[in-house]
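The residues making up each chain are set out below.
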Amino acid sequence: MLIRQAAFRGNGKLLKGNLHCHTTRSDGNGTPKEVMRMYKAEDFDFLAITEHRTYYLKNFLDDDGLLII
């Protein structure tokens, strides 16, 4: 029996995103700009950068096509 969730029915646009990501500002491998560009290059619609006790006060990406949460 195939069960589908209501969120995936219909013709609405599905967004591609990541809700947990780190950069070199905590324990990640890429700088904020590198990480954002990598996700943008892979056609992600949104990205949540979830550093450890670090807050961003500037926009690291020049392009506004990727929503940063």
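Coordinates for the structure precede this section.
Section: the overall build of the chain
Across its full length, the chain carries 1 helix and 3 strands. If you list the helices and strands of the chain from N to C, you get β-α-β-β. Going through the 69 residues of the chain one by one, you find that 26% of them count as buried. Taking contacts inside the chain between residues at least 6 apart in sequence as the whole, the part at least 24 apart equals 60%. A total of about 5600 Å² of accessible surface is found on the chain, and carbon and sulfur atoms cover 53% of it.

What to know about the pattern of salt bridges
Any two side chains of opposite charge can pair, given that their charged atoms come close. This model, assessed by the stated rule, comprises 1 salt bridge. The salt bridge partner of Lys13 is Asp45, with a shortest N-O separation of 3.7 Å. Here the residue Lys13 occupies a position in the segment before strand S1 (17–21), and Asp45 occupies one in the loop between helix H1 (32–41) and strand S2 (46–49), the gap between them amounting to 32 residues.

A word on the pairing of S1
A regular strand carries its side chains on alternate faces of the sheet. Where S1 and S2 come together, 3 bridges link them in parallel fashion. Each bridged residue has a counterpart across the sheet, and for Asn18 the counterpart in S2 is Leu47. For the handedness criterion, the β-α-β arrangement of S1, H1 and S2 is classed as right-handed.

A short note on the nonpolar core
Cys21, Val35, Met36, Tyr39, Phe44, Leu47, Ile49 and Leu66 form the largest nonpolar core, which has 8 residues in total. Listed by contribution, the elements that provide at least two residues to this core are H1 and S2. Looking at which element gives the most residues to this core, the answer is H1, with 3 residues.

Rules used throughout
- Residues numbered from 1 in each chain as written.
- Predicted model: local features only at pLDDT ≥ 70, side-chain atom pairs only at ≥ 80, totals over all residues.
- Heavy atoms only, no water.
- Helix = DSSP H or I, 4+ residues; strand = E, 2+ residues; numbered from the N terminus.
- Buried < 20%, exposed > 50% of the residue type's maximum accessible area, 1.4 Å probe, protein only.
- Contact = heavy atoms within 4.5 Å.
- Areas by Shrake-Rupley, 256 points an atom, 1.4 Å probe, with all protein chains shown as cover.
- Salt bridge = Lys/Arg side-chain N within 4 Å of Asp/Glu carboxyl O.
- Pairing = 2+ DSSP bridges.
- Right-handed = clockwise from strand over helix to strand, strands pointing away.
- Core = buried A, V, L, I, M, F, W, Y, C linked by side-chain atoms within 4.5 Å.

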